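Analysis of the macromolecular model
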Amino acid sequence: MQVTRTLPELRECLTTRPRPIGLVPTMGFLHAGHLALVRRARAECATAAVSIFVNPAQFGPQEDLARYPRDLPRDLRMLESAGADVVWVPEADEVYPRGYQTYVTVGRVAEPLEGAARPGHFRGVATVVAKLFNAFTPDHAYFGQKDAQQAAVIRQMARDLNFPPEIIVCPTIRESDGLAMSSRNTYLDPQERRAAAVLYRALSAAMIAYQRGQRSADNLRAAMRDTLSTEPLAKMEYVSAADPDTLQELDRVDGNALFSMAVRIGKTRLIDNFLLKDGSWDTGLIQGKGE
Ligand code: AMP
């Protein structure tokens, strides 16, 4: 596994690597969710490439950029054992040198939900992913269903700007109580950690209501809200039952739908989702059960 720092170093290293190249963009502090993406890239591509970059452009001024968890030695050990071939760990001024002034703004799909709650977030995400696509020239790029709107935004950007890589979205990997793995889970104290399982229960409540015949999106959103309200430590930011491609809220759930939410547990903001696609539910994978 080759670890590179500068862009010329990365480019040089990639010239010697076989195609197809699969890219897994990350912000580090890796967990089993990231490693599932790396293993998928490893299985499907001749070169499995990973970026570790805590992208300042996607954090708001009041957000957790400064305290975002970091542990590069541990990340590199995990990537080595997952079979990564090339890792790029740039400094912020390698990605955004002095005088930097070009950003990618995706339209409607980036506006609701996370886009509304975190102004500028997807502009930062789309910009860094565009730069990563140019840096790695990957054939495939792997993203997690955990960040469903991010995947939709990147798919839209790739389509609109003719970026070549195929965008592959992999299932959400979960802890045994259903909590979606996230680097931010490390912020939770033990009591908050127990409370955080309410997101999975709330998404499950919507799924069960749907399976019992409920098709009103308002009622399905209410099922999620009602479950969240049973947990005193949980403060709902939004619940949504939306079209998975456009992210527009639905009136009725008759076909595909993305059920998603953002919830604060103490100071920690968590997001999660279930996807109803072609009549079946993508609820992710509990680690150890099929992971
Ligand atoms: P991050 O380091 O949080 O920016 O995440 C890097 C990539 O890993 C993104 O494509 C995320 O959607 C994905 N990811 C994060 N958590 C999970 C998870 N629990 N399961 C699957 N993919 C994940």
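So, here is what we can say about the structure in this document. Source: prediction; values computed, not measured.

1. Section: the overall build of the protein
In terms of helices and strands, the protein carries 10 helices and 12 strands. With respect to the three principal axes, the spread of C-alpha positions in the protein is 55 × 40 × 40 Å. Buried positions account for 56% of the 291 residues belonging to the protein. Contacts spanning at least 24 positions in sequence make up 74% of the contacts within the protein whose residues lie at least 6 apart. Approximately 13400 Å² of the protein is accessible, and the part contributed by carbon and sulfur atoms is 48%. Taking the 35 positively charged and 35 negatively charged side chains of the protein as two groups, their mean positions are separated by 2 Å.

2. A look at the site of the ligand
Within the structure, the ligand sits among 17 residues, and Met27, His34, Asp147, Ile173 and Met181 are positioned closest to it. Contact distances for the ligand include 2.8 Å between a nitrogen atom and a backbone N or O atom of Ile173. Between Met181 and the ligand, the recorded distance is 2.8 Å, taken from a backbone N or O atom to a nitrogen atom. Burial of the ligand by the protein chains amounts to 93% of its free accessible area of 480 Å². Of all the secondary structure elements, the ones that give two or more residues to the shell around the ligand are strand E2 (21-26), helix H2 (32-44) and strand E5 (140-144). With 3 residues, the single largest contributor to the shell around the ligand is H2. The residue inventory of the shell around the ligand, partitioned by class, reads 8 nonpolar, 7 polar and 2 charged.

3. Regarding the environment of Asp254
Within the secondary structure, Asp254 sits in the loop between strand E8 (234-242) and strand E9 (257-265). Remark: the alpha-carbon pair of Asp254 and His121, spanning 133 residues in sequence, is separated by 31 Å. Non-local contacts of Asp254, meaning those with residues more than four positions away in its chain, are made with Tyr210 and Arg215.

4. Observations regarding the packing of helix H9 (residues 198-211) against helix H10 (residues 217-228)
Viewed as axis vectors pointing N to C, H9 and H10 meet at an angle of 145°, and their least axial separation amounts to 8 Å. For the element pair H9 and H10, the recorded crossing hand is right-handed. Here H9 contributes Val198, Leu199, Arg201, Ala202, Leu203, Ala205, Ala206, Ala209 and Tyr210 to the contact with H10, which in turn contributes Leu220, Ala223, Met224, Thr227 and Leu228. The residue inventory of the contact of H9 with H10, partitioned by class, reads 12 nonpolar, 1 polar and 1 charged.

5. Some thoughts on the packing of aromatic side chains
Evaluation of the coordinates by the stated rule reveals 10 aromatic pairs. Each ring, one from Tyr96 and one from Tyr100, has its centre 5.1 Å from the other, and the planes form 85°; the classification is edge-to-face. For Tyr100, a relative accessible area of 24% corresponds to the partly exposed category. With a centroid separation of 5.5 Å and 70° between ring planes, the pair formed by Phe133 and Phe163 is classed as edge-to-face. Of this pair, Phe133 sits in helix H6 (residues 121-136) while Phe163 sits in the loop between helix H7 (148-160) and strand E6 (166-170), and the two are 30 residues apart along the sequence. Phe163 matches Phe133 in its accessibility class, with the two residues each being buried. Looking at Arg74, its charged tip hangs above the ring of Phe29, at a distance of 5.0 Å from the centre. One residue, Arg215, lies across the ring of Tyr210, its end atom 3.7 Å from the ring centre.

Analysis parameters
Think of each chain on its own: its residues are numbered from 1, step by step along the sequence as written. Where totals are concerned, whole chains, interfaces and linings use all residues; where local detail is concerned, this predicted model gives features only for residues with pLDDT of at least 70, and gives and counts side-chain atom pairs only at 80 or more. Excluded from the side-chain calculations are hydrogens and water; all other atoms, namely the structure's heavy atoms, are used. Starting at the N terminus, helices and strands are each numbered in turn, a helix being any DSSP run of H or I of at least four residues and a strand any DSSP run of E of at least two. The buried label applies to any residue whose accessible area, calculated with a 1.4 Å probe on protein chains only, is under 20% of its type's maximum; exposed applies above 50%, and partly exposed to all values in between. Should any heavy atoms of two residues lie within 4.5 Å, those residues are counted as being in contact. We get accessible surface area from the Shrake-Rupley algorithm with a probe of 1.4 Å; when it comes to residues, only the shown protein chains can shield them. For the purpose of charge, His is not counted, nor are the chain termini; Lys and Arg are scored as positive and Asp and Glu as negative. Positions of charges follow a simple convention, taking NZ of Lys, CZ of Arg, CG of Asp or CD of Glu. When at least one non-hydrogen atom of a residue lies within 4 Å of a molecule or strand, that residue is treated as near it. Under the rule applied, a polar contact is a pair of N or O atoms within 3.5 Å (in protein, one hydrogen donor and one hydrogen acceptor; residues adjacent in sequence only if both atoms are side-chain atoms). Note on residue categories: nonpolar means Ala, Val, Leu, Ile, Met, Phe, Trp, Tyr, Cys or Pro, charged means Asp, Glu, Lys or Arg, and polar means any other residue, Gly included. Here an axis means a line fitted to C-alpha atoms, over the contact stretch when the element is a helix, while the angle between two N-to-C directions is reported on a 0 to 180 degree scale. Handedness of each helix crossing follows the sense of rotation of the near helix against the far helix: counterclockwise by less than a right angle gives left-handed, clockwise gives right-handed. In summary, the pairing rule links any two rings of Phe, Tyr or Trp, Trp by its six-membered ring, whose centres are within 6.5 Å, and it sorts them by plane angle into stacked for under 30 degrees, edge-to-face for over 60 and tilted for everything else. Each ring is checked for a lysine NZ or an arginine CZ that lies within 6 Å of its centre and within 35 degrees of its normal; such an atom marks a charge sitting over the ring.

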